[in-house]
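Residue-level listing of the chains:
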Amino acid sequence: MESIGFIPELYAIPWFLTMFAHVFPLHKLFHLWDTLLLGNSSFPLCIGVAILQQLRSGLLASGFNECILLFSDMPEIDIERCVKESIRVFCGIPKSAAYRQHAHPPRGHATDSAYSQIKPVSYYSTDCHDVPRSELVSITPFIKL
C-alpha cells in the first residue's frame, strides 16, 4: 500500500479519532467497544490491524483509487473475527513494542493477562448467562452529576 502512496494517515486517523464509530454500525460498534474498554491505550491499534487483515487481499490487489473507494464505502467486516484477532494481536505483541511513555493506566485497569482469560461471547448468541449484568439503579451512586 505504501508503494502506491496509500499511507495510513488517509484511513487510520478517522478510525482512532472516532474509536471506529464511522466504520461500523451501532450493533457492531457496541460489541467492539465492550472489548476496547477492557484494554489499554495501545489496544485500538490492534483493532486497526485486525480490520486491515480482513481487508488484506482486496487492498493488495487494488490501486490508490480503489483503496480510497474501499475505505470510503467499507465492506462488511466480521466483528467477532475482528475482536478475536485484535486480542490475539495484542497478546502477541511484546510490552516493549506497545509501550507508550506518557500513557497512564486508568483506575481499575485490567491487566494484559486478563485478555488471555476472555471467553468470547457470540454477539448473536442468546446464551448470555456468563455476561455481567448491571442496572442503572446500581451504578447511579457512582455517577457524578
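Here the structure is shown first, and the text comes after it.
Residues numbered from 1 in each chain as written. Predicted model: local features only at pLDDT ≥ 70, side-chain atom pairs only at ≥ 80, totals over all residues. Heavy atoms only, no water.

### Focus: the overall build of the protein chain
No. 1: Each helix and strand in the protein chain was counted, giving seven helices and zero strands.
No. 2: Across the protein chain, helices and strands are ordered from the amino to the carboxyl terminus as α-α-α-α-α-α-α.
No. 3: In the protein chain, the share of contacts with a sequence separation of at least 24, taken over all contacts with a separation of at least 6, comes to 72%.
No. 4: When the accessible surface of the protein chain is totalled, it reaches about 10,300 Å², and 60% of it is carbon and sulfur. (Helix = DSSP H or I, 4+ residues; strand = E, 2+ residues; numbered from the N terminus. Contact = heavy atoms within 4.5 Å. Areas by Shrake-Rupley, 256 points an atom, 1.4 Å probe, with all protein chains shown as cover.)

### Quick notes on the nonpolar core
No. 1: One finds W15, F20, F24, I47, I51, F71 and M74 to be the most contacted residues of the largest nonpolar core, which totals 27 residues.
No. 2: Listing elements by their share of this core, those giving two or more residues are α1 (12–17), α2 (26–36), α3 (43–60), α4 (64–72) and α5 (79–92).
No. 3: Top contributing element to this core by residue count: α3, with seven residues.
No. 4: Leaving out residues up to four positions away in the same chain, W15 has contacts with F20, H22, V23, G48, I51, L52, F71 and M74. (Core = buried A, V, L, I, M, F, W, Y, C linked by side-chain atoms within 4.5 Å. Buried < 20%, exposed > 50% of the residue type's maximum accessible area, 1.4 Å probe, protein only.)

### A short note on the environment of G39
No. 1: Looking at where G39 falls in the secondary structure, it is placed in the loop between α2 and α3.
No. 2: In this structure G39 comes out as buried when scored by relative accessible area, which is 10%.

### Some thoughts on the packing of aromatic side chains
No. 1: Summed over the entire model, instances satisfying the criterion amount to nine aromatic pairs.
No. 2: Seen from their ring centres, W15 and F20 are 6.1 Å apart, and the 40° between their planes marks the pair as tilted. Each member of the pair W15 and F20 is classed as buried.
No. 3: Pairing W15 with F71 gives two aromatic rings, centres 5.7 Å apart and planes at 55°, and the pair type is tilted. Here W15 is found in helix α1, whereas its partner F71 is found in helix α4, with 56 residues between them in sequence.
No. 4: On the basis of relative accessible area, W15 is assigned to the buried category, the value being 2%.
No. 5: Each residue in the set F6, Y11, W15, F16, F20, F64 and F71 is aromatic and connected to the rest through ring pairs, giving one cluster. (Phe/Tyr/Trp six-rings, centres within 6.5 Å; stacked < 30°, edge-to-face > 60°.)

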